[in-house]
Number of protein chains: 2
Amino acid sequence: MPDETDIQRPYLLFLGDAHDDLAAKTAHGIADWRREHCVGQYRLPGCRATLDLPELGPGAAVAAGARTMVIGAVNPGGQIPDSWIYALTEALDNGLDLASGMHARLEEIPQIAAAAARNGRRLHNVRHPARSFSTGSGLPRTGKRLLTMGTDCSVGKKYTALALERDMRGRGIDADFRATGQTGILIAGAGVAIDAVIADFISGAAEWLSPPAPDDHWDIIEGQGSLFHPSFAGVTLGLLHGAQPDAFVLCHEPTRKTLRNVAAPIPDIADCIDLILRLGQMTNPAIRCVGIAVNTVALPDDAAHSLLREMENAYQLPCIDPVRDGTGPIIDRLLQEA
Amino acid sequence: MPDETDIQRPYLLFLGDAHDDLAAKTAHGIADWRREHCVGQYRLPGCRATLDLPELGPGAAVAAGARTMVIGAVNPGGQIPDSWIYALTEALDNGLDLASGMHARLEEIPQIAAAAARNGRRLHNVRHPARSFSTGSGLPRTGKRLLTMGTDCSVGKKYTALALERDMRGRGIDADFRATGQTGILIAGAGVAIDAVIADFISGAAEWLSPPAPDDHWDIIEGQGSLFHPSFAGVTLGLLHGAQPDAFVLCHEPTRKTLRNVAAPIPDIADCIDLILRLGQMTNPAIRCVGIAVNTVALPDDAAHSLLREMENAYQLPCIDPVRDGTGPIIDRLLQEA
């Protein structure tokens, strides 16, 4: 997906004054999954997060090859605080582009807009699509695709997709992670925030995100939302139709009692698989489920593994926690049936 | 849904230089369904469409009570042609607001923006939502709702909803049409172009469109797209989840061979009803199908009526063409089961 909106690498990761590692979750995601693209971290006084990368200011980062400074921390209000502005303009003045996953657009801050203009630098607001899309065509395209789906939001769809990319590449398979959310885009350096697209173009944007490819190439597409979530199911269905996946992995968090932020019940796993197959068949009749990725972080090791064995028996599918054990059994299934 | 984005009535309908009645389809829709809100038509030289309304210029229309001039014609390029600009600014200078369902925004034309500013008039671009929405809550709300669904796009969902409103009101039922597309909004004077909303907010916009209401009130919500259309199913599902309909009418065009603008097959009617029920139950467990509205315009009278009888036998539901026969049997079923 080479595109004019691609973020230039490598990165300097800006942690601001993040008060803990959770506030620097985006930077951690990038450093965890794309360490080879990170030349250093830039922290302000009071920052208590760290990525164990070299401490570099913008000048030293440029000397080390950096092209873009990525805002890898969130501010509680979701806005860019005044205390960051000097560092952000400093990056632009040293020749770095800026990339942000925040709601507020970088150019809304006059000093940043001015610094970008005087240095001819680019400002990437990855939460806001920088281009327009066509409506979905529904036409099949070459190459293979896997989409991570969820029983709910925030169950590990991005993590599972990244783990699948890593593990497939580890076996020599030509696989690319395709990002559909802001953190995923900053990790991959490209993608589209699918829930920020105009509704008419959801499936068209998903088609654009994963273009025709060689027959043995796999795009591993980051899922969004859930077909069972009353706030976001439209996004999920448009993404499913546009992605036209040959295979999907269902992601699940077994300890949750209701769907995230709403009163709706957690759907039954078999119902989920059945509905995804039924809806996915509309644009790819060969769609199949190749496994369940279970987020067992809330369970002790033995309980996690006995749950996974139980689920394997119940659904006759590889059931793994990608964090604990990697995605090997799912890839085995994917290759077996392909 | 009183809202600051409501379009002030009555209207002067602007037909421009429409070369035939099809090019003035929007104006015809407004004059057909809301004649009581139309004080006149304003036609430019060469116009060959007519609504049989008084011919009025903006000054005379204002004297007759008009508040808004609605652009009721389309220009082949989808843009506002230079030849219309004088008439549009003339309307603003005479104290009318302007409303447009075109893609181009009225304020993009400098003369129109200037005339609106100097007269303190409002420009309604109904294809572009003028406000932001929350994500859908999925919470039930009071009042009753019917949504028109389709086996495809452009099968008569808007017409069916308007006919249901008319026929229900004719029986003394408290019913309001709720518009989700630009022509519907211009007819109703309010609504939201649901396919132009940011994807994250589709179901939230649908919840906003049809707020809590008295128990015996029916909102008749205009459907969009089709759950089986690979371009637009995400919009359709978000609208279904946000509308939380108690009842739906399936709209169908029986002579079509493939879905509109794509190669996908026309879905089976029973499959459609089953899938709508399954997905709709997520936000309204009591959802039911109360009939099928069949667009038989392409069939002669006897073939149309024998098809409708055949379908009634097959699906055990009222099957009507709302244009030929009105929606009576569907309303009977709605009231019977309510």
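Bear in mind the structure is a predicted one, so any value in this text is a computation, not a measurement.

Another aspect to go through is the overall build of chain A. Within chain A, the regular secondary structure consists of twelve helices and eleven strands. The globule rule puts the C-alpha radius of gyration for 338 residues at 20 Å, and the 20 Å found for chain A is close to it. Its C-alpha atoms give chain A principal-axis dimensions of roughly 55 × 45 × 45 Å. When burial is assessed residue by residue, chain A has 54% of its 338 residues classed as buried. Residue pairs at least 24 apart in sequence account for 75% of intrachain contacts in chain A once pairs closer than 6 positions are excluded.

Take the pairing of strand 3 (residues 68-71) of chain B next. All names here are of chain B. Burial of strand 3 is two-sided: the residues T68 and V70 facing one way and the residues M69 and I71 facing the other way are all buried. Here four bridges tie strand 1 (residues 11-16) to strand 3, and the two strands are oriented parallel to one another. Across the sheet, the residue bridging to Y11 is T68, located in strand 3. Pairing geometry for strand 3 and strand 4 (residues 97-100), over three bridges, is parallel. Within strand 4, the residue paired with T68 across the bridge is D97. Taken together, strand 3, helix 3 (residues 82-93) and strand 4 form a β-α-β motif whose crossover is right-handed.

Right, let's talk about the domain arrangement of chain A for a bit. Residues and elements named next belong to chain A. As far as domains go, chain A holds domain 1 (11-125) and domain 2 (144-337). For domain 1 and domain 2, the distance between their C-alpha centroids amounts to 29 Å. Residue-level contacts link eight residues of domain 1 with five residues of domain 2.

On to the interface of chain A and chain B, then. Contacts between the two partners involve 28 residues from chain A and, on the opposite side, 28 residues from chain B. Where the side of chain A that touches chain B is concerned, the elements lending two or more residues are helix 7 (202-209) and helix 8 (233-243) of chain A. A per-element tally of the side of chain A that touches chain B places helix 8 of chain A first, with six residues. Partitioning the side of chain A that touches chain B into residue classes produces 16 nonpolar, ten polar and two charged.

What follows concerns the sheet that holds strand 2 (residues 38-43) of chain A. Residues and elements named next belong to chain A. As summarised here, the arrangement of the five strands in space is 2-1-3-4-5, forming an open sheet in which the pairing is parallel. Of all strands in the sheet, those with a lone pairing partner are strand 2 and strand 5 (123-125), marking the two edges. Within this sheet the neighbouring strands show an average axis-to-axis angle of 20°, counted without direction. Sitting on the sheet, helix 1 (residues 25-33) is in contact with strand 1 (11-16), strand 2 and strand 3 (68-71), with an inclination near 150° to strand 1. Most of the contacts of helix 3 (residues 82-93) go to strand 4 (residues 97-100), to which it runs at about 135°, and overall it touches strand 1, strand 2, strand 3 and strand 4.

Glancing now at the environment of B:N295. All names here are of chain B. Along the chain, the position of N295 falls in the loop between strand 10 (288-294) and helix 10 (301-315). Taking the C-beta count within 10 Å as the criterion, N295 has 24 such neighbours and is therefore assigned buried. Those residues within four positions of N295 in sequence are excluded, and the remaining contacts are V155, G156, C251, H252, E253 and D321.

The two copies are related by a screw operation: chain A maps onto chain B through 180° of rotation and 0.1 Å of translation along the axis, at an RMSD of 0.1 Å. When the rotation and shift are considered jointly, the pair of chain copies conforms to a two-fold rotation axis.

Residue and element names in this part refer to chain A. Of note, the bond from R9 into P10 is cis; its omega dihedral lies within 30 degrees of zero at 0°. Of note, P10 is situated in the segment before strand 1. Of note in this structure, S154 is not a glycine but carries a positive phi near 55°. When you line up the elements, S154 lands in the loop between strand 6 (144-150) and helix 5 (157-170). Classification of S154 as partly exposed rests on a count of 15 C-beta atoms within 10 Å. Positive phi is not limited to glycine here, since N261 has a value of about 70°. Take N261: it is sitting in the loop between strand 9 (247-252) and helix 9 (269-280).

Rules used throughout
Residues numbered from 1 in each chain as written. Chains lettered and ligands numbered in written order. Predicted model: local features only at pLDDT ≥ 70, side-chain atom pairs only at ≥ 80, totals over all residues. Helix = DSSP H or I, 4+ residues; strand = E, 2+ residues; numbered from the N terminus. Rg over C-alpha atoms; globule rule 2.2 N^0.38 Å. Buried ≥ 20, exposed ≤ 12 C-beta atoms within 10 Å, placed from the backbone. Contact = placed C-beta atoms within 7 Å. Pairing = 2+ DSSP bridges. Right-handed = clockwise from strand over helix to strand, strands pointing away. Domains from an automatic or database assignment. Nonpolar A, V, L, I, M, F, W, Y, C, P; charged D, E, K, R; others polar. Axes fitted to C-alpha atoms, helices over the stretch in contact; angles between N-to-C directions. Least-squares fit on C-alpha atoms with pLDDT ≥ 70 in both.

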